[in-house]
Amino acid sequence: MSAASRGLMSGLRFLSVGPRTSTISASYQFRGFGSESLIDEEPRIIVPRPSVMSPNSKRTGAIAVKCGMSALWDKWGARVPITVLWLDDNIVSQVKTFEKEGFYALQIGCGQKKDKHLTKPEVGHFRAQGVPLKRKLREFPVTEDALLPVGAEIGVRHFVPGQYVDVTGITRGKGFQIFKHMNIIQ
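Numbers given for residues are sequential positions, taken from 1 along each chain in its written order. Two thresholds apply to this predicted model, a pLDDT of at least 70 for residue-level local features and 80 or more for giving and counting side-chain atom pairs, whereas whole-chain, interface and lining totals are computed over all residues. Hydrogens and water molecules were not included; the side-chain quantities draw on all heavy atoms of the structure.

1. Here's the deal with the nonpolar core
Stage number 1. Counting residues in hydrophobic clusters, the biggest one holds 13 residues, and the most contacted among them are Val92, Val95, Leu106, Ile108, Val142 and Leu147.
Stage number 2. Only DSSP runs of H or I reaching four residues or more are called helices, and only runs of E reaching two or more are called strands; each is numbered from the N terminus. Among the elements of the structure, β3 (90–96) and β4 (105–110) are those that each provide at least two residues to this core.
Stage number 3. When residues in this core are grouped by element, the largest group, 3 residues, is from β4.
Stage number 4. Contacts are assigned to residue pairs that have any heavy atoms within 4.5 Å of one another. With residues near it in sequence (within four places) discarded, valine 142 still touches Lys58, Arg59, Thr60, Tyr104, Ala105, Leu106 and Leu147.
Stage number 5. Among the nonpolar cores identified, the runner-up in size contains 6 residues, and Ile91, Val123, Phe126 and Val131 belong to it. We define the nonpolar core as a collection of buried residues of types Ala, Val, Leu, Ile, Met, Phe, Trp, Tyr and Cys that are connected through side-chain atoms lying within 4.5 Å of one another. Type-normalised accessible area, obtained with a 1.4 Å probe on protein chains alone, sets the label of each residue: buried when under 20%, exposed when over 50%, and partly exposed for intermediate values.

Now the structure itself:
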């Protein structure tokens, strides 16, 4: 039994006779294999509109490169360490909606890259969305009221002064030196 028929059989299991499955079959949608099913569906157009974010709203993030550390002094003369980040041309490259993917998310791309350094599927993805080629792609889950249109730029004005942010990063590899430093290898 092939994988496609297993998926079809598990989908048909939900349509079995019984009062329990009547609510499930109403929300279960089949998508045809032909191109005529794509013509009937209209894509949802996301338009940017100013609105007040609720406390439960989840906004998109940004992709940045750490440039270094510095310090500022507050009005009492206390030194406050700061991290200097470089936001390199962040653009929304794809919008994922609940109707199509089952969740809300924004795919953000940053940097520039030539098409000869990308794979053909990656180039096709960028060309289909109509955005320039990007070096890095990351996906950020958002709420419905925080969706942005494809091609929207995200800069430092996306954040407000004093806002707390979650930062994740990739540690630079130290190679074999850590073993020598910890005196593990004799």
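2. Some thoughts on the pairing of β4
Stage number 1. Summarising burial for β4: 6 of the 6 residues are buried, a large majority.
Stage number 2. Side chains Ala105, Gln107 and Gly109 of β4 all project onto a buried face; the interleaved residues Leu106, Ile108 and Cys110 project onto the opposite face, where all are buried too.
Stage number 3. Alignment of β3 against β4, held across 5 bridges, turns out to be antiparallel. Bridging across to β4, valine 95 finds its partner in leucine 106.
Stage number 4. In this description, strands pair whenever DSSP reports at least two bridges between them. As judged from the 6 bridges shared by β4 and strand β5 (residues 136–141), these two strands associate in the antiparallel manner.

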